[in-house]
Amino acid sequence: MKSIHVCTEPGCVGHVFLPDEECCPRCSKTRYISKTVGGHLRKIPRSWFIDFGVKAALDKMFANEDFCEQRGSTISREKYPGSYWSGTEATCMQNSVFEHWGVEFDHSDNSCYKLLFDFVKPYDLTGYSSGILGLSCDDVHPRNIGKKYNNQLLSIIPGPAEPQNLTPYIWNTLWDFHKYGEEGVILTQFGGDTINHRPFLTGLLADSPARQKLSRWNGTGAYRACGWCLFQGQMCANVSGKKGGTIYYKGYHDVSKNQEVYPQAPTAAGYIQVHDVKVGHSCLQLSHAQRISRAQRVEEGEEDPRTAGCHGLSMVVHVLPYVDYNNFFLVPVAHALLFGVVKGFVKHLYRPIPKAVNDCPKDALSNPVRSLIASRKDDTRVTSEMGRPYKCIGTNRGYYTMEDWLHFVETYSAYVFQGDTLPPKVKELWGYLVEVCQHYFRGNKHYSEEASEKASQTLRRYAEVMEEEGMADNLFTYNLHMVVCRLRKQEVAHGSTVKDLEFRVEREMQSYKDRLGRRVCVDPEKISANAYLIEEGVAILKKNASITYRSYEELAGRDMTPMDINAKMKDTASDVFGATLLFLGPGRLLAKQGPHARKTLPAIRRLLEDYKGAKEFTDTCGHWTGRKLKAAFGPGIIRRRYIQTYRRAEIAEETFSTRQYKRTKTRINYMVRVDYGEKQFFAELLLFVKLTDPEDQSNEPLKVAIVRFYEGLEVDPGRMWKFKLSGEDNSNELFVLTQHISTSR
């Protein structure tokens, strides 16, 4: 991992700074700005990002046993209907790669990958955005394509705003793929074998705004926003009645007149006008060569981006000669269909009805129907494999995720919309949407060219009926145009859309948020990157570890879930403000916990018994004899309050959180520094425990921090907080109960 400085000044094509460069050679802008921090003058880079590297991502994939077993297997490359290898794009890639580099695209040592890209807002209440670029391998079984081992982080682009020019941020990544695709890269597989691997990029998974930035197509609100055709939208008045208008895309039932398109010659300048064409007409499509010609003319100033539909040549096409403009940039099906078409249609049904209107519009739900639909929520129960329970479509759809929308279309709507709840035409339109979603989200097993063509025609029929019925302009969005225009062609080229859904992109976004805890902080990208590296290091050490002491999970049971809070008790023993250790919040009693107590109590007792003869235990907690431990954990513990657990503690004026602290609004950092022997290591905080003396409750309680640390994960002294065990006597000291894990690495 390294931090890379770039130039993204307006008017500059972009530049990645070399180590000795102080100014951009293209625009002469300085690399650093001077800023006073803490009374000291510091040089801060104008623009930068965190790059993990393509080679490092590939190394992590190939170090995984499951990945190596599946990569290049017969199942992953079988030419069954709907697979990538049965589509036209696989054949085109084979020809293009061999033509440019003389390399076999489908060689067993090579694999195809997809880029994952999106901008994420880590905070709920601010407009801060960070860019995440990831890598996913398509050369595994489709059911495992979203597994964690198959998706790796490539780079993090810092906020607060999304950069207008992405070229310098993806420059190194693309040229790495160019180099490795042409020459290969030596990788060590799980088991020790080495291969000369050639990775090839076959697509980009991103939502529409992120895709437009990488492809350099016009924004989604432009007249020519569709990157796959030259269809021109129409300016329509805002449905809400606000001043101005919005671009919408009609032309499914009624022809759209005076559409300007390119002549058929790839390098010809200017446009020709055609009349009476609908969305998806062949004359509106552009070839790969025409797209390159169009982009070059825009860059040379010979054509206006507003009429050309793009702002220049995409860096992906410039660097990778085998990429096809039409097939590399994929439709974000989940965003376009679920968050776009379906969500917009349901919102239209639930739009406010003016009180002055006596009769409910034919394309809206009346108030009695809305009440009936809301009442059906109480009758809906789902099994555990559905994940989240059903949320009322009328009152809680604002909290729907893509998964919720998919479950509603496929499952819940069959009951919620049953009977005469929907007007006749609305019911027909909803039936079209259900049929379309079942194909594009679940049709991999039963995929066929006939099924793909039928789904495409159904989607077009949905748009045609809405236009026939004169429904509101705001239903004819860019998302609807995109799926009607492109999805059928994408399935011909890439196979079924089921394997190319962008849910794996959303998982990367969620992982980024989880590492931050959604709390506002300075430089969230650096914090997330550090947490990511620690997680990777711990994962490697766990894989190669030999446990010296029994683990907490082993003693408590692997199926132990977080303890329920049936009783609370304040930490009112003898802790005072300013003490070395102060437990925070109410203690969690293990009384009345049922199976949780039966699992947790023996675990803590056995861990203490492992240590009661050790010198560090005797020095710290000498008055705690074996008899007291036995009494504290005796049968009466279910009735008495000798043991309390805590999820946070304040030590030397620093607050520490354990893994069990689950408040979503707080950025959790459960990694600490622990001294073991003469070395210092990273450690994971598992639990804080306080034991009250069963013989004399006026004595100081025994305070224990259960931590897990790894001998191979050493740290520099002073670089991370550690527990302070100092004090004039033992009354305020904390005994650190460790699970020591040694490793050869």
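Residues numbered from 1 in each chain as written. Predicted model: local features only at pLDDT ≥ 70, side-chain atom pairs only at ≥ 80, totals over all residues. Heavy atoms only, no water.

1. A closer look at the overall build of the chain
Then step 1. A count of helices and strands for the chain gives 21 helices and 26 strands.
Then step 2. Taking as baseline every contact in the chain between residues at least 6 positions apart, the subset at least 24 positions apart corresponds to 68%.
Then step 3. Roughly 34,600 Å² of accessible area belongs to the chain as shown, and the carbon and sulfur atoms make up 50% of that amount. (Helix = DSSP H or I, 4+ residues; strand = E, 2+ residues; numbered from the N terminus. Contact = heavy atoms within 4.5 Å. Areas by Shrake-Rupley, 256 points an atom, 1.4 Å probe, with all protein chains shown as cover.)

2. Let's talk about helix α11 (residues 367-375)
Given 3.6 residues per turn, any residue in an α-helix points the same way as the ones three and four places further on.
Then step 1. Taken residue by residue, α11 has V369, R370 and I373 as its buried positions. Seen along its axis, α11 keeps its buried residues to an arc of 100°; they face one direction. α11 presents N367 and P368 as exposed residues on the side facing more than 90 degrees away from its buried surface.
Then step 2. On its buried face, α11 is in contact with α10 (333-349) and α12 (402-416). (Buried < 20%, exposed > 50% of the residue type's maximum accessible area, 1.4 Å probe, protein only. Arc of directions from axis to C-beta.)

3. Some thoughts on the pairing of strand β3 (residues 32-37)
On any regular strand, side chains alternate: one points to one face of the sheet, the next to the other face.
Then step 1. Sheet analysis places β3 next to strand β4 (residues 40-45), joined by six bridges and oriented antiparallel. Its bridge partner being in β4, S34 is matched across the sheet by K43.
Then step 2. Turn length for the β3-β4 hairpin, with the two strands adjacent in sequence and antiparallel, is two residues, and the turn residue G38 shows positive phi of about 60°. (Pairing = 2+ DSSP bridges.)

4. Comments concerning the packing of helix α5 (residues 208-215) against helix α15 (residues 478-494)
Then step 1. Their axes nearest at 13 Å, the elements α5 and α15 cross at an angle of 70°. Relative to α15, α5 is oriented roughly perpendicular. Mapping the contact onto sequence places S208, R211 and Q212 in α5 and Y478, N479 and M482 in α15.
Then step 2. For the contact of α5 with α15, the residue count by class is two nonpolar, three polar and one charged. (Axes fitted to C-alpha atoms, helices over the stretch in contact; angles between N-to-C directions. Parallel < 35°, antiparallel > 145°, perpendicular 65-115°, else oblique. Nonpolar A, V, L, I, M, F, W, Y, C, P; charged D, E, K, R; others polar.)

5. A few points about the nonpolar core
Then step 1. Formed by 137 residues in total, the largest nonpolar core has its most connected members in F117, L135, L201, I393, W430, F441 and L480.
Then step 2. The contact partners of F117, leaving out residues within four places of it in the chain, are I132, L133, I157, L166, L204, L205, A206, D207, A210, L214 and V505.
Then step 3. In terms of nonpolar packing, the next biggest core, distinct from the first, is built from 19 residues, Y128, I156, L330 and C521 among them. (Core = buried A, V, L, I, M, F, W, Y, C linked by side-chain atoms within 4.5 Å.)

6. As for the packing of aromatic side chains
Working definition: an aromatic ring pair is given by the centre-to-centre distance plus the angle between the planes.
Then step 1. Inspection of the entire model under this criterion finds 24 aromatic pairs.
Then step 2. The interplanar angle of 70° and the centroid separation of 5.3 Å between the aromatic rings of F62 and F67 together place this pair among those described as edge-to-face.
Then step 3. Looking at F67, the relative accessible area reads 0%, which means it is buried.
Then step 4. An aromatic cluster of three or more residues is present, and its members are F345, Y400, W405, F408, F417, W430 and Y462.
Then step 5. For K343, the ring lying beneath its charged end belongs to F339, and the centroid distance is 5.2 Å.
Then step 6. The ring of W48 is capped by K526, whose NZ or CZ atom sits 5.2 Å from the centre of that ring. (Phe/Tyr/Trp six-rings, centres within 6.5 Å; stacked < 30°, edge-to-face > 60°. Lys NZ or Arg CZ within 6 Å of the ring centre and 35° of its normal.)

7. Some details on the confidence of the model for the chain
Then step 1. Mean pLDDT over the chain works out to 78, with 73% of the residues at or above the 70 mark.
Then step 2. Considering each helix and strand of the chain separately, the mean pLDDT is smallest for strand β17 (residues 568-569), with a value of 30, and largest for strand β11 (residues 199-205), with 95.
Then step 3. Considering only residues more than four positions removed or in separate chains, one finds that residues 546-581, a stretch of pLDDT under 50, has 91 contacts.
Then step 4. Residue range residues 590-598 is modelled with pLDDT below 50. Its contacts to residues more than four positions away, or to other chains, number 18 contacts. (pLDDT = per-residue confidence, 0-100.)

8. Topic: α15
Then step 1. Counted at 1.5 Å a residue, the expected span for α15 with its 17 residues is 24 Å, and the 22 Å between its end C-alpha atoms agrees.
Then step 2. Taken as a whole, α15 carries its principal kink of about 40° at R486.
Then step 3. Within α15, 14 of the 17 residues are buried, leaving the element largely enclosed by the surrounding structure.
Then step 4. Looking one or two places after α15, you find G495, whose phi comes out positive at around 90°. (Expected span 1.5 Å × (residues − 1). Bend = angle between axes of the 7 residues up to and from the residue.)

9. Section: unusual backbone geometry
Excluding glycine, residues mostly carry a negative phi; peptide bonds, for their part, are mostly trans.
Then step 1. For the peptide bond that leads from G159 to P160, omega is 10°, which places it in the cis range.
Then step 2. Relative to the elements of secondary structure, P160 occurs in the loop between β8 (151-157) and α4 (167-183).
Then step 3. Although it is not a glycine, S28 sits at a positive phi angle of roughly 70°.
Then step 4. Tracing the backbone through its elements, the reader meets S28 in the loop between β2 (15-16) and β3.
Then step 5. In this structure, R216 is a non-glycine residue whose phi angle is positive, near 70°.
Then step 6. Mapped onto the secondary structure, R216 falls in the loop between α5 and β12 (234-237).

10. Brief notes about the pairing of strand β10 (residues 194-197)
Then step 1. Covered by surrounding structure in β10 are I195 and H197 only, the residues T194 and N196 on the alternate face being uncovered.
Then step 2. Across four bridges, the pairing between strand β9 (residues 185-188) and β10 is antiparallel. In the sheet register, L187 faces β10, and the bridge partner there is I195.

11. Digging into the environment of K55
Then step 1. Residue placement: K55 occurs in helix α1 (residues 54-62).
Then step 2. Taking the relative accessible area as the measure of exposure, K55 reaches 31% and is therefore partly exposed.
Then step 3. Expressed as a C-alpha distance, the spacing of K55 and V185, which sit 130 residues apart in the sequence, is 8.0 Å.
Then step 4. Ignoring any residue separated from it by four or fewer positions in sequence, one finds K55 in contact with Y180, V185, I186 and L187.

12. Details of the side chain of H197
Then step 1. Position of H197 among the secondary structure elements: in strand β10.
Then step 2. Classification of H197 as buried rests on a relative accessible area of 0%.
Then step 3. A polar atom in the side chain of H197 sits 2.9 Å from the side chain of Y113.
Then step 4. Not counting chain neighbours up to four residues away, the residues in contact with H197 comprise F62, R71, D109, N110, S111, Y113, Y180, G184, V185 and L187. (Polar contact = N/O pair within 3.5 Å; in protein donor to acceptor, adjacent residues only side chain to side chain.)

13. Examining the pattern of salt bridges
Then step 1. Evaluated as defined, the whole model comprises 24 salt bridges.
Then step 2. When the shortest N-O distance is used, the salt bridge between R504 and D138 registers 3.3 Å. Placement of the pair is R504 in helix α16 (residues 503-516) and D138 in the loop between β7 (130-137) and β8, with a sequence separation of 366 residues. With respect to class, R504 is no different from D138; both count as buried.
Then step 3. Residue R297 is joined to E303 by a salt bridge in which the shortest nitrogen-to-oxygen separation is 3.2 Å.
Then step 4. We classify R297 as buried; its relative accessible area is 17%.
Then step 5. Overall, E303 belongs to the buried group, its relative accessible area being 10%. (Salt bridge = Lys/Arg side-chain N within 4 Å of Asp/Glu carboxyl O.)

14. A closer look at the side chain of T380
Then step 1. On the secondary structure map, T380 appears in the loop between α11 and α12.
Then step 2. For T380, a relative accessible area of 16% gives the class buried.
Then step 3. At 2.9 Å, the side chain of T380 forms a polar contact with the backbone oxygen of R376.

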